[in-house]
Amino acid sequence: MLQDYLIPETVEQALSHLQGGKGRARVVAGGTDLLLDLANGKKEAGVLVDLTRIPGLQEITLEDDLIRLGAAVTHNQVAKSKLIQEKASVLARAARSVGSLQIRNTATVVGNVVNAQPAADAAVALVALGAVAEVVSPSGKEYIPVEKLYAGVGKSVLDSTSQIVTRIQFPALLKNQGSAYERLEQRKALALPMLNVAVVVSLADNRFQWARIVMAPVGPGPVRATEAEAILTGADVSLGNIENAAAAARAQANPRSSALRGSREYRLEVLPVLVRRALEAAVVRAGGNC
Amino acid sequence: MKNYNVVGQSVRRLDAAEKATGTAVFSSDFTLPGMLYGKVLRSPYAHARIVSIDTTEAEKLPGVKAVVTYKNTPREIFNTSATMTFTVPALKPVLDQYIFDSVVRYVGDEVAAVAAVSEKLAEEALKLIKVEYEELPAVFDPLEAMKPEAPDIHANCKEGKNIIGEIIKIPMGDVEKGFKECDLVIEKRFKLPIVKQVQMETQAAVAQVEVNGKITVWSTTQTPHPTRMILAKIFGVPNSKIRVLNPPYVGGGFGVRIGLSAKAEPIAVALAMQAGKPVRVIYSREEDFMASDTRHGGYVTVKLGAKKDGTFHALDLKAALNGGAYCSFSTETPGVLGAMGLAVYRIPNQSYYGHSVYTNVTPAGAMRGFGNPQAMFPIESVVDMMAEELGMDPLELRLKNIMRAGDPWCLPYPCQSTGLAECIERGAKSIGWERRGSLNQPGAKKLRGIGVGVGTHVSNSWPFCVDYDNAIVTVQQDGSIHLASGVPDIGTGTSTALPQLAAEVLGVGLEEVSLTFGDTLSTPFDIGSHASRTLYAAGTAVVAAAEDAKRQILEYAADFLKVSPERLEIKDSLIYITGRELGEDCAGTGVCKTGEERISVTLQELAYHAHLRNKQFIGVGRIVPENAPPWHAHFAEVEVDTETGQVKVIRVAAAHDVGKAINPVIVEGQIEGGVLQGVGYAVSEEIVHDAKGRPLHNSLHKYLLPTAEDIPEIDAIIVEASDPSGPFGAKGVGETGLVPTAGAIANAVYNATGVRFYEIPMTEEKVFRALSAAKNSTC
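As the structure is a computational prediction, the values presented were derived from the model and not from experiment.

**Overview of the overall build of chain B**
So, step 1. Looking only at helices and strands, chain B features 19 helices and 26 strands.
So, step 2. The C-alpha atoms of chain B give a radius of gyration of 28 Å, which matches the 28 Å a tight globule of 779 residues would have.
So, step 3. Counting only C-alpha atoms and orienting by the principal axes, one finds that chain B spans roughly 95 × 75 × 50 Å.
So, step 4. Long-range contacts, defined as pairs at least 24 residues apart, comprise 81% of the intrachain contacts of chain B with a sequence gap of at least 6.

**Examining the overall build of chain A**
So, step 1. Helix and strand counts for chain A stand at 11 helices and 14 strands.
So, step 2. In terms of overall size, chain A behaves like a compact globule, its C-alpha atoms giving a radius of gyration of 19 Å where 290 residues would be expected to give roughly 19 Å.
So, step 3. Dimensions of chain A, computed from the C-alpha atoms along their principal axes, are close to 60 × 45 × 35 Å.
So, step 4. Restricting to contacts in chain A with at least 6 residues of sequence separation, those with at least 24 account for 65%.

**Considerations on the sheet that holds strand β11 (residues 177-184) of chain A**
Residue and element names in this part refer to chain A.
So, step 1. Sheet architecture is open: four strands sit in the order β11-β12-β13-β14, paired in antiparallel fashion. Because the sheet does not close on itself, it has two edges, and the strands there are β11 and β14 (223-224).
So, step 2. As defined by bridge partners, strand β12 (residues 195-204) adjoins strand β13 (residues 207-216) across nine bridges and the pair is classed as antiparallel. By the bridge assignment, Val 201 is partnered in β13 with Ala 211.

**Some words on the interface of chain B and chain A**
So, step 1. Taken together, the 15 residues of chain B in the interface contact 13 residues of chain A.
So, step 2. Looking at the side of chain B that touches chain A residue by residue, the classes come out as five nonpolar, four polar and six charged.

**Considerations on the domain arrangement of chain B**
All names here are of chain B.
So, step 1. Each assigned domain of chain B is listed with its residue range as follows: domain 1 (31-136 + 200-252 + 257-291), domain 2 (297-462 + 626-778) and domain 3 (468-623).
So, step 2. One C-alpha centre belongs to domain 1, the other to domain 2, and the line joining them spans 36 Å.
So, step 3. Contacts between the two partners involve 20 residues from domain 1 and, on the opposite side, 21 residues from domain 2.
So, step 4. The biggest single contributor to the side of domain 1 that touches domain 2 is helix α9 (residues 285-291), with five residues.
So, step 5. Class assignment of the residues belonging to the side of domain 1 that touches domain 2 gives a composition of eight nonpolar, seven polar and five charged.

**Topic: the domain arrangement of chain A**
Residues and elements named next belong to chain A.
So, step 1. We note that the domain assignment places domain 1 (4-50), domain 2 (60-171) and domain 3 (177-285) within chain A.
So, step 2. One C-alpha centre belongs to domain 1, the other to domain 2, and the line joining them spans 18 Å.
So, step 3. With 14 residues of domain 1 at the interface, the matching set in domain 2 holds 17 residues.
So, step 4. Elements that contribute at least two residues to the side of domain 1 that touches domain 2 include exactly α1 (11-21) and β2 (25-28).
So, step 5. No other element matches the six residues that α1 contributes to the side of domain 1 that touches domain 2.

**Here we look at the environment of Ala189(A)**
So, step 1. With respect to the helices and strands, the residue Ala189(A) is situated in the loop between β11 and β12.
So, step 2. Once the C-alpha coordinates of Ala189(A) and Ser97(A) are considered, the two residues, 92 residues apart in sequence, prove to be 7.0 Å apart.
So, step 3. Setting aside anything within four residues of it in sequence, one finds Ala189(A) in contact with Ser100(A), Thr707(B) and Glu709(B).

**Focus on the packing of helix α11 (residues 372-390) of chain B against helix α12 (residues 394-401) of chain B**
Residues and elements named next belong to chain B.
So, step 1. Their axes nearest at 9 Å, the elements α11 and α12 cross at an angle of 110°. Classified by the angle their axes make, α11 and α12 are roughly perpendicular. Regarding α11 and α12, the two cross each other, and that crossing is right-handed. Mapping the contact onto sequence places Val 383, Asp 384, Met 386, Ala 387 and Leu 390 in α11 and Pro 394, Leu 397 and Arg 398 in α12.
So, step 2. Class assignment of the residues belonging to the contact of α11 with α12 gives a composition of six nonpolar, no polar and two charged.

**Quick notes on the sheet that holds strand β1 (residues 36-42) of chain B**
All names here are of chain B.
So, step 1. One open sheet holds the seven strands; their spatial order is β3-β5-β1-β12-β9-β10-β11, and the pairing between them is mixed. Edge positions in the open sheet fall to β3 (64-68) and β11 (242-245), since each of these has one partner strand only. In this sheet, adjacent strand axes meet at a mean angle of 20° when their direction is disregarded.
So, step 2. By the bridge criterion, four bridges tie strand β10 (residues 215-219) to β11 in an arrangement that is parallel. Counterpart to Ile 215 in the pairing with β11 is Ile 242.
So, step 3. Packing of helix α7 (residues 224-235) onto the sheet brings it into contact with β10 and β11, and relative to β11 it is tilted by some 140°.

Conventions adopted
Residues numbered from 1 in each chain as written. Chains lettered and ligands numbered in written order. Predicted model: local features only at pLDDT ≥ 70, side-chain atom pairs only at ≥ 80, totals over all residues. Helix = DSSP H or I, 4+ residues; strand = E, 2+ residues; numbered from the N terminus. Rg over C-alpha atoms; globule rule 2.2 N^0.38 Å. Contact = placed C-beta atoms within 7 Å. Pairing = 2+ DSSP bridges. Nonpolar A, V, L, I, M, F, W, Y, C, P; charged D, E, K, R; others polar. Domains from an automatic or database assignment. Axes fitted to C-alpha atoms, helices over the stretch in contact; angles between N-to-C directions. Parallel < 35°, antiparallel > 145°, perpendicular 65-115°, else oblique. Left-handed = near helix turned anticlockwise from the far one by under 90°.

Structure (structure tokens):
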């Protein structure tokens, strides 16, 4: 039973509210997932600690080529941010594809990560960007790669009754770098992805310096197509190499069959198409040429 | 063309301000003092016998005021749909439902209900009801259900295993001989999905039972008067002691509540009787999905024969529809499927054989188009195939064969108008038909295509069903107009368009007219809002009532102005002598000198003059509508992503012959909404069941309605081939937007890819598989 709703003004206050709750207090930001889970009895909380009024957490900043998103930054803020569109377009596209306008106006990007759904759009893009979460707990502050936050389907390694992700940060893309997002969906809003793919590439002299390729839902969390990334590292930018990488990505994917969102076989057949399209688009944005 | 003052104008809807500001009242937000909240316990099994049911624990829970099951509610058999009130003799309606029964026949079937002081308590009480079930064998597919080994779902099937009611047979000419005379015959079977209306407001009812036995029910029904008749039969109460009304708005319908709102009304009444307090029952969205009528899925076979020159010569149409667990409209739907399917083209030899079949899924009933979309996706696909076989342009082939006014057809009323040729011509121009065939570059992975689909429909249900209307126009003592019509406004603009008709006939401004509607106590009997009939049929009664009132006004005015009534006309509430100059008269100035010669009089002055002499003008309209065919041609442009199988509908040009658009913006809204439902029908919407008969698509999240972001560009084109039978020439438009859409889209997908789909929806995976198979077979 929910008994209190607290609105702290500092991260320290928020932490102390959580501590005072002794496991019954829980962090809330946008609440678009949490409130449904509370209503359905999937989660319980006696106290909700609202992070959205803590100064600074609503901001998207760029400092020393590092982009930082506060815990209260919404999907629409990210989708509409010039900075994100220019220096991390994969995230802008991913954030734009979540839910509906109303949900994007409320739901936070950090919440999308902490809720730990396998194909959370923003999280998939953040993993491709090499994003790291700033996690604050009574014992101090630590930095954990977003990729390492998953403990299983719908399970985060984080404990929202004692820890707070205050920010997520990742390097702004440089001129020779590009990103892209591909999503297979049954309609243009209010639809979970059948597949989503985020890629970031870095080019030099029309060769791949490196590539990060992330795909979902093909595992418990966003899955790095490491074999595909290895194929591209140091390779020429060419359709052949991109197609080889796409095939390798497929070999590393393990999607499930869903009666609602497509069979495993179908997803496996379409996945390389999305990887190829994403790589082609990212290469173009990085100034490359297939 | 005649010029009108109010008719044909896109006046702002009279309910716009209320709805835009959120003050309009719907059943789901209607409350009464002391009202209780009803909740329903539903079957988890597709087919089971209730061995025992124990409600004692639920009854003991503090705050619970009533618990009802099959043991303590009327055992009067009925049909939730209005078919039980309007089936034309000698046909008899199929009655196969009780409020609660000792056998459950689909997942979601009603087992018990509780009324409590809060929704939460009612839900808790449901969990305390102990039910022991004995599972029975279940069947979900109509063809499976007709096999001898299938379980009998009801005992009353006379025409064959699990066949609901009568088999519909429509013969015309000699098909067997006809096919022998054809140069080319194509026969194909199509599979159709179960889809849902997904009207905005879920099923809801609030019932109040007074100590003197009078019952009042506020509900979401599309047909308050027939619903009153059904409730009267279930509860054994005279019609006159029951009042059914909308409060006054209804959040959509699309056919889902022609008759009862699923079982919201009888359950609310049963609980209110037991509790002695008003009870509100609102279905959750999940309940609405699983326990209120769907569209019929099933199988339709088209066999079309043509001569070498493209003349259609024989058509044989067959349908086996999935009726679900109870009849509802399962006898009428296959009838409309056949009748409309045979009515589009001029073919001398035709036959139809169709029926519904009981299965253990949610009952299927009325949904916008009522069998017609199920006919036209298959027929328009086969017509396209025929054009290809003949090497003819699909438009040319259609123009050669479509019905013309006066042609013989299978329907029991004449075809008095058709603007279909003009619809085809204007739609083709809008879509750019000539671009067809040059839309794609060689090697492209995303392929564009353009397709067409045409059709017709009805403007009410006569003579297939009982169908009549009454209206009363009362001129108030100040000259303003009160109109009473028993039809509801389910969001289609009835409460604006009917006053427009009255205002036009009476020669008054729209602001002078007010309307009472959707209430059995304060309006005369009307069948209600279904079958694209509201404007056409109820409108005809409104016109008749207004003409009656006008006749009385002019007769009285003739005495007043000392001329014969034939010389009088009314405009802007001023009654004047035709041919006499206006302007010199004192009317309207309020300062008429005694004895001054009058050449005009305001309705206001005249009505009050009459009032002071003990007279009021009251017009009555009592009509049985004729019927008239609306016509339509849809053109769709699609883009198929051949690497993922996704079909994107880019643009739809939807040309509709509506006879006369009384309010063009409302007509366009009807067309656009229908087109969008048709897009969903073609590419994304379906309710699929698991092996136990549980529906997988039972929420707005899972059921894939197109969203605002999926809407293609829609060009709604109004064609006006005036029909002599309709008010100001109008015909029905409520359902037509949905009828030809899936066929047009499927034909466009074929045009893009060369792959023909015999099953909808054309979802990503289905299209991907078909394209892969086609590629493998050609390599």
